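# Structural overview
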Amino acid sequence: MRVPRTLAITPPRPGPWIAELEILAKAGVDGVLVRILEDRHRLQDVIAATVGFPVRMLRWVDDGDGQRAADHGLGLHLPDRDWPPLDRASGGLRSASCHDRQRVQDAAAAGFDFVTLAPIFAPGSKPGDRRPTLGLAGLSAAVGPLPVVALGGLSVQAASGMRDAGAAGVASITAFFGPDGVRAHNAAAIVAVMQGGR
């Protein structure tokens, strides 16, 4: 099992970034979570563009996504709600969204490989989000039963704090994708931090 140190979560809507995914892989981003919520007819295009990433995940949106993930050799990421029993026959990593320490423990008991934990800091992709943030102390408290990939408010400076608080990896939409495409320079700096640099 390989937990991504840097997980790029795709924007929910297909756009010009699809053709630029390879740039993030070349910058060292080792994971991608395909999160297409709109225009799902473009899902095949997005999946095809992820071949350069060692860890490839598909966010569960509907009942067909388990089979789609299996058909394309992707892991499956489930949102934070009642999780169905995990189907291991198709292989691939299984991850879950969590929002507190208890849900991380629940995910461990359910057999997930890793979790994304959010929001550590205010997420750039949800400017109106009013949920309380967990901060580095909340992240540190949740680390333990499973590898935790920290999500929310990712920047180069935040990546360092998240890593030092015990995160196995970091994830983001806005740190890796901007309105005009991918943010390769930012991605490379975050990758360097997660590989042990400052």
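Reading guide: rules and limits
- Residues numbered from 1 in each chain as written.
- Predicted model: local features only at pLDDT ≥ 70, side-chain atom pairs only at ≥ 80, totals over all residues.
- Heavy atoms only, no water.
- Pairing = 2+ DSSP bridges.
- Helix = DSSP H or I, 4+ residues; strand = E, 2+ residues; numbered from the N terminus.
- Axes fitted to C-alpha atoms, helices over the stretch in contact; angles between N-to-C directions.
- Buried < 20%, exposed > 50% of the residue type's maximum accessible area, 1.4 Å probe, protein only.
- Right-handed = clockwise from strand over helix to strand, strands pointing away.
- Core = buried A, V, L, I, M, F, W, Y, C linked by side-chain atoms within 4.5 Å.
- Contact = heavy atoms within 4.5 Å.
- pLDDT = per-residue confidence, 0-100.
- Salt bridge = Lys/Arg side-chain N within 4 Å of Asp/Glu carboxyl O.

## Observations concerning the sheet that holds strand β6 (residues 114–117)
Strand order in this closed barrel of eight strands is β1-β2-β3-β4-β5-β6-β7-β8, and the pairing throughout is parallel. Averaged over all neighbouring strand pairs, the angle between strand axes comes to 25°, with direction disregarded. In this structure, strand β3 (residues 55–59) lies alongside strand β4 (residues 75–78), joined through three bridges in parallel fashion. Counted as the bridge partner of R59 is H77 from β4.

## Side note on the pairing of β4
Burial along β4 is two-sided: G75 and H77 facing one way and L76 and L78 facing the other are all buried. Taking the sense of rotation as the criterion, the β-α-β connection linking β3, helix α3 (residues 65–72) and β4 turns out right-handed. As paired strands, β4 and strand β5 (residues 94–98) are joined by three bridges and run parallel to one another. Bridging across to β5, L76 finds its partner in R94.

## Comments concerning the nonpolar core
The nonpolar side chains of a soluble globular protein tend to be buried, and buried together. Judged by nonpolar contacts, the single largest core of 51 residues is most densely connected at L24, L139, M162 and F176. Sorting elements by how many residues they give to this core places helix α7 (residues 184–194) first, with five residues. Counting eleven residues, the second largest nonpolar core, distinct from the first, contains V3, L7, V55 and V149.

## Quick word on unusual backbone geometry
The linkage connecting A118 with the following residue, P119, adopts the cis geometry, with an omega of -10°. Mapped onto the elements, P119 comes out in the loop between β6 and α5 (135–142).

## Re the environment of T133
Mapping T133 onto the fold places it in the loop between β6 and α5. The exposure class assigned to T133 is partly exposed, which follows from its relative accessible area of 42%. A sequence separation of 15 residues divides T133 from A118, and the C-alpha atoms of the two residues are 7.6 Å apart. T133 has contacts with P119, I120, F121 and A122, leaving out every residue within four places of it along the chain.

## What to know about the confidence of the model for the protein
On average, residues of the protein score 90 in pLDDT, and 96% of them are at 70 or above. Of all helices and strands in the protein, the one with the weakest mean pLDDT is strand β10 (residues 181–182) (86), whereas strand β7 (residues 148–151) scores best (98).

## With respect to the pattern of salt bridges
Where charged atoms from two side chains of opposite charge come close, those side chains can pair. Per the stated rule, a full pass over the model turns up ten salt bridges. Among the salt bridges present, the one from R2 reaches D30, with a minimum N-O distance of 3.1 Å. Taken together, the residues span a long stretch of sequence, with R2 in the segment before β1 (6–9) and D30 in the loop between α1 (21–26) and β2 (31–34) at a distance of 28 residues. Its relative accessible area of 39% is what places R2 among the partly exposed residues. What makes D30 buried here is its relative accessible area of 6%. Across the pair D62 and R40 runs a salt bridge, and its minimum N-O distance is 3.6 Å. Of this pair, D62 sits in the loop between β3 and α3 while R40 sits in the loop between β2 and α2 (43–48), and the two are 22 residues apart along the sequence. Within the structure, one salt-bridge network assembled from shared partners comprises R40, D62, D65 and R68.

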